[in-house]
Amino acid sequence: SGGPDVHAVQRKWQERWAEKDPFRAGGDEDTRPRKYVLAMFPYPSGDLHMGHAENYLYSDIVARFWRHRGYNVLHPIGWDSFGLPAENAAIQRKADPVQWTSANIAQQKTSMKDYGVSFDWSRVLHTSDPDYYRWNQWLFERLYERGLAYRKDGAVNWCPFDQTVLANEQVVDGRCERCGNEVIKKKLTQWYLRITDYADRLLDDLNQLEGFWPQKVIQMQRNWIGRSVGADIDFEIEGRAEKVTVFSTRPDTLHGATFFVVAPDSDLAAELIQGASAEAQERFATYLADVRKATDIDRQSSDRPKTGVFLERWAINPVNGERMPVWAADYVLADYGHGAVMAVPAHDQRDLDFARAFDLPVRIVVDTTAPVTGAIPVIELDEHGVPIDPGGESIDDLDPARTGVALAGEGRLINSGPFDGLSKRTAISRVIDQLQKDGLGRAAKTFRLRDWLISRQRFWGTPIPMIHTDDGRIVPVPDDQLPVRLPAVEGLDLTPKGASPLGAAKDWVEVADPETGAPARRDPDTMDTFVDSSWYYMRFLSPGDTTQPFSSREADKWGPVDFYIGGVEHAILHLLYARFVTKAMFDMGMVEFTEPFTHLINQGMVILGGTKMSKSKGNLVLFQEELDAHGADALRVALGFAGPVEDDKDWDDVSTTGATKFLARALRIAHDVDSETDVVWAEGDAALRRVTHRLWADAPGLIEQTKFNVVVARLMELVNATRKAIDTGAGAGDPAVREAAEAIAMILDLFAPHTAEEMWEVLGYEPFVGLAVWRQPDPTLLVEESVTAVVQVDGKVRATLEVSARIDAADLEARARADEKVRRALGDREIVRAVVRPPKVVSFSTK
Ligand code: ANZ
């Protein structure tokens, strides 16, 4: 006969799960401890793909595991259903985004159910649902009240193809993350969220996540936030009443500042050029036009020739009164620090390159050849007692003006008046103290992180709940008028035009000023979809709530998320925003925790033939097709076995055939076992029992370390040992065989839940194995079998060792070398050759 009809088994258990709802999270009456397991929710753009197959497999393994450990598990799912894919479908195919989205969701939901994922289906949410996005609006207004949402004119990243603003995070190498077109800068008035107020906390709290989040993600977040510590220093500019402040990480080099540079595209540059000669003004205008075409990445590139224009103005160095020429140059960025720098060419490579290009003075102020460790240098004397010149480099040999290499290292100050002789580190704090005393500067920090621009000129998103009055006021829509629902799409032209299509929905846009009743207009922009996903994990806690975004009581019970599982592509954007919003909610008293995700797991990608799968390459493996062909369990086992969670998995190496055979073998064991359930396990075959109990002992730790593939391998080992016991050993009636079969069903449930339920039923138990609490290993069965190993030195037995029968060669050799009798036998002779045959023989030869 062929194997079991996997599709029939699958249908049977899916129907029972649907009927009995065993994976719904328990309510207040449930006294088990809680775990919140979450997979990143999908966009409903098309069918699920193999990346989803991996993602939901892993979250399901973790969710099922904690249920087996006796926990009340919350494992919800929803859809991140606003965004460009639906809007583009609406434009290209004239599809209604509402219908397009719900059709995709229905399809994806069917696939997930087919895949046997143990979600709590009672909590499904869609972010494009007015019952959801109402709370985005509510949250936005709370942030606005706290000054954390504000409007600002600014040069924004603009994608000319998608005709929309992009957040910095959505610009990759100067191109739109979505369509790959070059991003330009455009001046617009937009809404921002003040994430920079949280920069220190977002950075410092990463320390709490060490060991619980992938190191790579922590590092990416650290770099993204990019904190620099130093000083703000105020410079006088001749002929200007107000001083200009610069940020410097090296205030110790202030005496070496020989010129001054402002960003060409800053307001300051535009002002300073005013009084210059006509010729300079013209040169500046040409230069500025060029600069506007360059991306920030280009501008920061070190191998780009330095360019700039002298503004015919002079800054005064506050410590020595020197006049420093003021230049505009594009290596200084307008929106970092204060958009201006004191240039110290001897110690900063960018400044040096610029100084050499325009023949500006270079003055060394840190002697990098001077020792700074505090240790007294050892001076050698010649036979006359005269110190020998160690012949090391002298600072004059290193003159950057000549070598072209800036001296960035440690050293001691020179040419710096009262600070001469101090080490760089000491000088930094002394100079800051002095500046502070003289009112010329102060300690300061700068971040690379920018505020979060959330306005989008698109239809399919959360309307920003603000009203613009004719007299220029901005009034929030009162809470009791939320949600501000999207208007129907009929009659609206969604093709990108640079302004939100909502602006053309006349009946929708025109409203009464809530304060005076006078005619006013709604803000036509919608929110970045990352707002939607910044707090969805909270909404799962009370998804039907009509009075609040979520219940704080439920958040205290369940939050924060214990395990969060998703792709590394969200390492910066989504996770940073979620962390920010959680902290803001903490400050508002809505939650008691400050980090949303305790553990984070990033899965690798599913690739094919060494490259990423994509529609355009025509190498897409379709999830639903694989499901139909092999069934959920074989697909899950094959993926689970394919390699470590975080590694990429090549679909060419994933064997559903092997998985199918393995599952048929497992199920056949259940059929072969005696149907009697009340047997005395202790009377069973000891060797097989040891294999079973070692797995009970190891599986929990392996799952907690996310070594899922190792658990599959160990299950295979147990299935093989059990089959052997049935066929050539103790026989199917042996209690150890039943014990092993039950263990297989309970652990296999993580990977192949349909097969596991079927086994459990065949073994004579009530459903569901998915809720069966795992067994404790019997410690007496974990004691390793031991054997006696002999150690020979030059052919003579010198010692015997009691070692585990499973010891490996390296351990055995190490034990032998460490043995006291062996060491005595060796004396001071050296081992030249070691022959190791675990577990019984070690043979050393000496010289
Ligand atoms: C003087 C100096 C001397 C500097 C020296 C460095 C070395 P990070 O570490 O990346 O934060 N800077 C400040 N604002 C800038 C801007 N808008 N565009 C380009 N560069 C800017 O860099 C901080 C340093 O970058 C600052 O310290 C400043 O140069 C420059 F030996 O000041 B420094």
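Residues numbered from 1 in each chain as written. Predicted model: local features only at pLDDT ≥ 70, side-chain atom pairs only at ≥ 80, totals over all residues. Heavy atoms only, no water.

Draft legend 1. Representation of helix 22 (residues 656-672) within the structure. The end-to-end C-alpha distance of helix 22, which contains 17 residues, comes to 24 Å, matching closely the 24 Å that a straight helix rising 1.5 Å per residue would cover. Considering only its buried residues, helix 22 is in contact with helix 20 (623-630), helix 21 (632-641), helix 24 (708-728), helix 25 (735-748) and helix 26 (753-762). (Helix = DSSP H or I, 4+ residues; strand = E, 2+ residues; numbered from the N terminus. Expected span 1.5 Å × (residues − 1). Contact = heavy atoms within 4.5 Å.)

Draft legend 2. Structural detail: the sheet that holds strand 21 (residues 466-469). One open sheet holds the four strands; their spatial order is 22-21-24-23, and the pairing between them is antiparallel. Strand pairing shows two members of the sheet lacking a second neighbour, strand 22 (474-476) and strand 23 (510-512), which therefore form its edges. Strand-to-strand twist of the sheet, defined as the mean angle between neighbouring strand axes without regard to direction, takes the value 40 degrees. As paired strands, strand 23 and strand 24 (residues 519-522) are joined by three bridges and run antiparallel to one another. In the sheet register, A512 faces strand 24, and the bridge partner there is P519. (Pairing = 2+ DSSP bridges. Axes fitted to C-alpha atoms, helices over the stretch in contact; angles between N-to-C directions.)

Draft legend 3. Local environment of the pairing of strand 26 (residues 561-567). Among the seven residues in strand 26, seven count as buried, and that is most of the element. In the sheet, strand 1 (residues 34-39) pairs with strand 26 via three bridges, with the strands oriented parallel. Bridging from a neighbouring strand, L38 pairs with Y564 of strand 26. The sheet contact formed by strand 26 and strand 27 (residues 597-603) spans six bridges and is parallel. In the strand pairing of strand 27, F563 is matched with H599. Handedness of the β-α-β unit built from strand 26, helix 19 (residues 573-587) and strand 27 comes out right-handed. (Buried < 20%, exposed > 50% of the residue type's maximum accessible area, 1.4 Å probe, protein only. Right-handed = clockwise from strand over helix to strand, strands pointing away.)

Draft legend 4. Spatial organisation of the packing of aromatic side chains. Inspection of the entire model under this criterion finds 37 aromatic pairs. Ring plane angle 90 degrees and centroid distance 5.5 Å describe the contact between F119 and W121, whose orientation is recorded as edge-to-face. With a relative accessible area of 2%, F119 lands in the buried category. Between the aromatic rings of Y536 and F540, the centroid separation amounts to 5.7 Å while the plane-to-plane angle is 70 degrees, which identifies the pairing as edge-to-face. Through a chain of ring-to-ring contacts, three or more aromatic side chains come together here, namely F259, F310, W314, W327, Y331, F354 and F358. Sitting above the plane of the W66 ring, K35 keeps its charged end 4.2 Å from the centroid. (Phe/Tyr/Trp six-rings, centres within 6.5 Å; stacked < 30°, edge-to-face > 60°. Lys NZ or Arg CZ within 6 Å of the ring centre and 35° of its normal.)

Draft legend 5. Structural detail: the sheet that holds strand 27. Overall, parallel pairing links the four strands, which are arranged 2-1-26-27 in an open sheet. Bordering the open sheet on either side are strand 2 (72-74) and strand 27, each of which pairs with just one other strand. The mean angle between the axes of side-by-side strands here comes to 20 degrees, regardless of whether they run parallel or antiparallel. Here strand 1 runs beside strand 2; their pairing, made up of three bridges, is parallel. Bridging across to strand 2, Y36 finds its partner in L74. Along the sheet, helix 2 (residues 50-68) makes contact with strand 1, strand 2, strand 26 and strand 27, crossing strand 1 at roughly 175 degrees.

Draft legend 6. How the structure looks around the environment of G559. Among the structural elements, G559 can be located in the loop between helix 18 (552-558) and strand 26. Residue contacts for G559: discarding those within four places in its chain leaves E554 and F593.

Draft legend 7. Just the confidence of the model for the protein, in detail. Scored by pLDDT, the protein has a mean of 93; 98% of the residues are at 70 or more. Among the prediction metrics, the complex's ipTM stands at 0.98, with pTM recorded as 0.87. (pLDDT = per-residue confidence, 0-100.)

Draft legend 8. Focus on the packing of helix 1 (residues 6-20) against helix 26. Between helix 1 and helix 26, the shortest axis-to-axis distance is 9 Å and the interhelical angle comes to 85 degrees. With respect to their mutual orientation, helix 1 and helix 26 come out roughly perpendicular. For the pair formed by helix 1 and helix 26, the contact residues are V9, Q10, K12, W13, Q14, R16 and W17 on the first element and P753, H754, E757, E758 and E761 on the second. When its residues are assigned to classes, the contact of helix 1 with helix 26 shows four nonpolar, three polar and five charged. (Parallel < 35°, antiparallel > 145°, perpendicular 65-115°, else oblique. Nonpolar A, V, L, I, M, F, W, Y, C, P; charged D, E, K, R; others polar.)

Draft legend 9. Spatial organisation of the pattern of salt bridges. Enumeration according to the criterion identifies 50 salt bridges in this entry. Of the charged contacts, one joins D330 and R304 as a salt bridge, the two residues approaching to 3.1 Å between their closest N and O atoms. In this pair, D330 sits in the loop between strand 14 (323-328) and strand 15 (340-343) while R304 sits in the loop between helix 11 (296-300) and strand 13 (309-316), placing the two residues 26 residues apart along the sequence. For R350, the salt bridge identified is with D348, shortest N-O distance 2.8 Å. Linked through salt bridges whose partners overlap, the residues forming this network are K12, R16, E758 and E761. (Salt bridge = Lys/Arg side-chain N within 4 Å of Asp/Glu carboxyl O.)

Draft legend 10. Structural detail: helix 8 (residues 215-225). Every buried residue of helix 8 is accounted for by V217, I218, Q221, W224 and I225. When helix 8 is viewed along its axis, its buried side chains cluster within an angular range of 125 degrees and face the same direction. Following helix 8 by one or two positions, G226 adopts a phi angle in the positive range, close to 50 degrees. (Arc of directions from axis to C-beta.)

Draft legend 11. Region of the structure containing the UniProt feature "domain: Aminoacyl-tRNA synthetase class Ia" (unreviewed entry) in the protein. The positions that UniProt labels "domain: Aminoacyl-tRNA synthetase class Ia" (unreviewed entry) are, in the present scheme, residues 449-647. Secondary structure content for residues 449-647 is 26% helix and 20% strand, while the C-alpha to C-alpha distance between its ends is 30 Å. (UniProt positions renumbered as here; feature names shortened; annotations may be inferred.)

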